[in-house]
Amino acid sequence: KKVGVLVSGRGSNLQALLDACADPAFPAEIALVISNIPGVYALERAEKAGVPTLVIPHKGFATREAFDAEMDSALRAAGIEIVCLAGFMRLLSAGFVESWRERMINIHPSLLPSFKGLHTHQRAIEAGVKLHGCTVHLVTPDLDDGPILIQAAVPVLDSDTEDSLAARVLEQEHQAYPAALKLVAEGRVTVKGPRAFIRDDG
Ligand code: GRF
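Residues numbered from 1 in each chain as written. Predicted model: local features only at pLDDT ≥ 70, side-chain atom pairs only at ≥ 80, totals over all residues.

Caption draft 1: Seen up close, the nonpolar core. With 49 residues, the main nonpolar core has Val5, Leu17, Val33, Cys84, Ala86, Ile105 and Leu181 as its most contacted residues. The element contributing the most residues to this core is helix H6 (residues 162-185), with 8 residues. Apart from the residues lying within four places of it in its own chain, the contact partners of Ala86 are Val5, Leu6, Val7, Gly11, Asn13, Leu14, Leu17 and Ile107. (Core = buried A, V, L, I, M, F, W, Y, C linked by C-beta atoms within 7 Å. Buried ≥ 20, exposed ≤ 12 C-beta atoms within 10 Å, placed from the backbone. Helix = DSSP H or I, 4+ residues; strand = E, 2+ residues; numbered from the N terminus. Contact = placed C-beta atoms within 7 Å.)

If you want it as structure tokens, here you go:
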């Protein structure tokens, strides 16, 4: 399956996906990386892996819908079948999300539905939770919502800072995201209402 990845920053999750897709046995290949911000490190990672990149600066568009439409045509022109959001820091319009329904994946650095939005690690520490983690889910129009594909939990230690906790979660993100992409690419995911059911192919 041809995958498009949307990024806005350092791209460590993009790297995890690129590394997974480098294995010829992996059921997906990254065919396009789009950034809404010029010059970010994620673009360099894609170029190093020989993947075509595109910068579409959101600032150049009058509306969110116009920006999304530009991304949509680029993705379709490249024959993309699955879209992965990997540190993409823009809200997406309902029309765009709808047109990629069950074919667009996001990773979020918390155990959803806890801590949607930003600053998840700091908020987890302040809430005193003992378990934290990451979630890979299918994208629906609501922010950080949608059927969950994979979650991974890590302990929150008394000594944790935002950075130490973020690093522990990030390690899990880099495992979980390629694993979730594999499930979607293999067509093993069935959505019923708010839940994603995963067919076990052994
Ligand atoms: C990750 O923590 C991801 O879960 C969140 O934004 C961060 C992006 O990091 N959505 P990177 O750009 O993949 O390194």
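Right, picking up where we left off after that structure.
Caption draft 2: Looking closely at the sheet that holds strand S5 (residues 104-108). Strand order in this open sheet of 7 strands is S3-S2-S1-S4-S5-S6-S7, and the pairing throughout is mixed. Looking at which strands have only one partner, the edges of the open sheet turn out to be strand S3 (53-55) and strand S7 (148-155). Looking at each pair of strands side by side, their axes are set apart by 20° on average, direction ignored. Looking at chain direction, strand S6 (residues 131-138) and S7 are connected through 7 bridges and run antiparallel. Counted as the bridge partner of Cys134 is Ala152 from S7. Of the strands in this sheet, strand S1 (2-7), strand S2 (29-35), strand S4 (82-85) and S5 touch helix H1 (residues 12-21), which is tilted by about 160° from S2. (Pairing = 2+ DSSP bridges. Axes fitted to C-alpha atoms, helices over the stretch in contact; angles between N-to-C directions.)

Caption draft 3: Seen up close, the site of the ligand. Taken together, Gly9, Arg10, Gly11, Ser12, Asn13, Ala86, Gly87, Ile107, His108, Pro109, Leu170 and Glu173 make up the full set of residues near the ligand. Counting only elements with at least two residues in the shell around the ligand, the list comes to H1, S5 and H6. For the shell around the ligand, a count of residues per class yields 4 nonpolar, 6 polar and 2 charged. (Near = placed C-beta within 6 Å. Nonpolar A, V, L, I, M, F, W, Y, C, P; charged D, E, K, R; others polar.)

Caption draft 4: Just the pairing of S2, in detail. Counted residue by residue, S2 has 5 buried out of 7 residues, so it is predominantly covered. Bridging between S1 and S2 involves 6 bridges; their strand directions are parallel. For Gly4, the partnering residue across the bridge sits in S2 and is Leu32. Once the chain exits S1 it traverses H1 before rejoining the sheet at S2, and the crossover so formed is right-handed. (Right-handed = clockwise from strand over helix to strand, strands pointing away.)

Caption draft 5: Inspection of the pairing of S4 at higher detail. Side chains Ile82 and Cys84 project from S4 onto one buried face, and the interleaved Val83 and Leu85 project onto a second face that is buried too. Relative to S4, S1 runs parallel, the two being bridged by 4 bridges. By the bridge assignment for S4, Gly4 is matched with Val83. Relative to S5, S4 runs parallel, the two sharing 3 bridges.

Caption draft 6: Inspection of the confidence of the model for the protein at higher detail. With 100% of its residues at a pLDDT of at least 70, the protein reaches an overall mean of 97. In the predicted assembly, ipTM is 0.97 and pTM is 0.97. (pLDDT = per-residue confidence, 0-100.)

Caption draft 7: Layout of the environment of Leu43. Along the polypeptide, Leu43 turns up in helix H2 (residues 41-48). You can call Leu43 buried: it has 21 C-beta atoms within 10 Å. Sequence separation of Leu43 and Arg10 is 33 residues, and the distance between their C-alpha atoms is 8.5 Å. In contact with Leu43, not counting residues within four places along its chain, are Val33, Ser35 and Thr53.

Caption draft 8: Looking closely at helix H3 (residues 64-77). Here H3 contains 14 residues, and its C-alpha end-to-end distance of 20 Å stays within 8% of the 20 Å for a straight helix at 1.5 Å per residue. Burial in H3 covers these residues: Phe67, Asp68, Met71 and Leu75. Down the axis of H3, the buried side of the element spans an arc of 95°, and every buried residue falls inside it. Away from its buried face, by an angle of more than 90 degrees, H3 presents the exposed residues Ala66, Ser73, Arg76 and Ala77. For H3, the elements touching its buried residues are S1, S2, S4 and helix H4 (94-99). Just downstream of H3 lies Gly79, where phi reads positive at about 75°. (Expected span 1.5 Å × (residues − 1). Arc of directions from axis to C-beta.)

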